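Chain and residue survey
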Amino acid sequence: MTRFAVLAVFVSMGWATQLNSQSPLFAPAPASPVTVGPGSGTVVLADINRDGHLDLLTKHLLNQSVAVRLGDGNGHFAPGAERPMSFGYQPGAIALGDVNNDGILDLGVTSRDSVRENVAIFLGNGRGGFSLASGSPFAASASTKGYKPSLRFVDVNEDGKLDIVKANGRRNTIEILLGNGRGGFSPGPIVRLEPGQNFYSFEIGDVDGDGHLDVVTASSPGPGLGTGRVMTKHGDGKGNFRDASGSPLSVPPDPRVGTLADVNGDRRLDIVLSHGDRSLLSVLLNDGHGMFTPAPGSPLNLWNQTFVVVVADVNQDEKADLLAATVNSRTAPFESRIVVLLGAGRDGFAPAPGSPFRAGPGAYHLTVGDVNEDGKLDVAASSFEGNAVTVLLAR
């Protein structure tokens, strides 16, 4: 064990002794769990009906729907007057963004058939409902077996209009569809990734500080088949990306890009990786030029497989904290925990008081937002093997 790893463990142990004597950082909301229907996957908190309160969206793979529950600003969620969204296909990834520049959030949903992969655009009506946009769905690529999509709305060519960035997860390309600012999209550049790998993930952010969005990808040859690789591609602000110097970087096996965020307070985007069915979480620190090195004490052991990672300041100390959705996915009942690690700046992380927190079975996704409007970030976590979302309020 290196000197830095010893320091990180020492700091965490010292913090743990102090924090265990404190009250839990989160407690279940009075209305938790919130019934949304079976098989919830992605969970999104956003103000869909423009009343100033966060609403709850959940994706349901097996019953082919997206559920909308409207928030009242006190931590309660209830069905709105709009009809539920049902599809004739299993929804893949979902994302929200104002694609037609009317000030109302719209919804993107990926799908595939035997021929092609598509992105359907549903325009928001400002009352909590959505309707299919003209020309939608938009073809993104040929269909690929093992479909595990990712979807982002970002302005990659800096024209003030949101574009679509989509990837399959089993193909060494990222597809870009350029937005026209009216809800329509047309084929754009294709980002070519490192060949010879079988599993890919990506995130987008300005990692080199030049004001243009970059792409960070993680890849591996397959579960347990060797070291993983992280590659950075620098964007030029026109939708094109080039390989960064020093890329790719070797990392522990089965990497997945969890998020890009400043975890050590130096105002540079760092990389947080999960590692497939391993219980590890890696943190790679940015040197300011888009080069990355493992943080002291990285990788961290979270004791269960990690599916989603969020970086946010949940205890309001102006330091980044880590929240991870972890699931024992090997055996039923798929016990789930929300692990919260409080940041100490350059000194690593330590468990938050009360962490880990219970969630419904199969909590493969989580998000944060101030659902009861007390100025503190709260947590909402899915339950694929259940029918409700766990809502944890910050204390």
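The present account deals with the structure reproduced in this document. (Residues numbered from 1 in each chain as written. Predicted model: local features only at pLDDT ≥ 70, side-chain atom pairs only at ≥ 80, totals over all residues. Heavy atoms only, no water.)

Concerning the pairing of strand 15 (residues 173-179)
- Where burial is concerned, most of strand 15 is hidden: six out of the seven residues are buried.
- Of the pairings in the sheet, the one linking strand 14 (residues 163-167) to strand 15 comprises four bridges and is antiparallel in character. Residue pairing across strands places A167 opposite I174, the latter belonging to strand 15.
- One ladder, built from six bridges, connects strand 15 with strand 16 (residues 185-192); its direction is antiparallel. Residue G179 lies in a different strand from strand 16, and its bridge partner there is F185.
- Two successive antiparallel strands, strand 15 and strand 16, enclose a turn made up of five residues, where G181 displays a positive phi of approximately 80°. (Buried < 20%, exposed > 50% of the residue type's maximum accessible area, 1.4 Å probe, protein only. Helix = DSSP H or I, 4+ residues; strand = E, 2+ residues; numbered from the N terminus. Pairing = 2+ DSSP bridges.)

Notes on the pattern of salt bridges
- In the structure shown here, the tally under the stated rule is 11 salt bridges.
- In this structure, E194 and R229 form a salt bridge, with 2.6 Å as the shortest nitrogen-oxygen distance. Here the residue E194 occupies a position in the loop between strand 16 and strand 17 (199-205), and R229 occupies one in strand 19 (residues 228-235), the gap between them amounting to 35 residues.
- Exposure remark for E194: the relative accessible area of 18% places this residue in the buried category.
- Given a relative accessible area of 28%, R229 falls into the partly exposed group.
- With a closest N to O distance of 2.4 Å, D254 and R278 form a salt bridge. On the criterion of sequence distance, the pair formed by D254 in the loop between strand 21 (249-251) and strand 22 (256-261) and R278 in the loop between strand 23 (270-274) and strand 24 (280-286) is long-range, its members being 24 residues apart. (Salt bridge = Lys/Arg side-chain N within 4 Å of Asp/Glu carboxyl O.)

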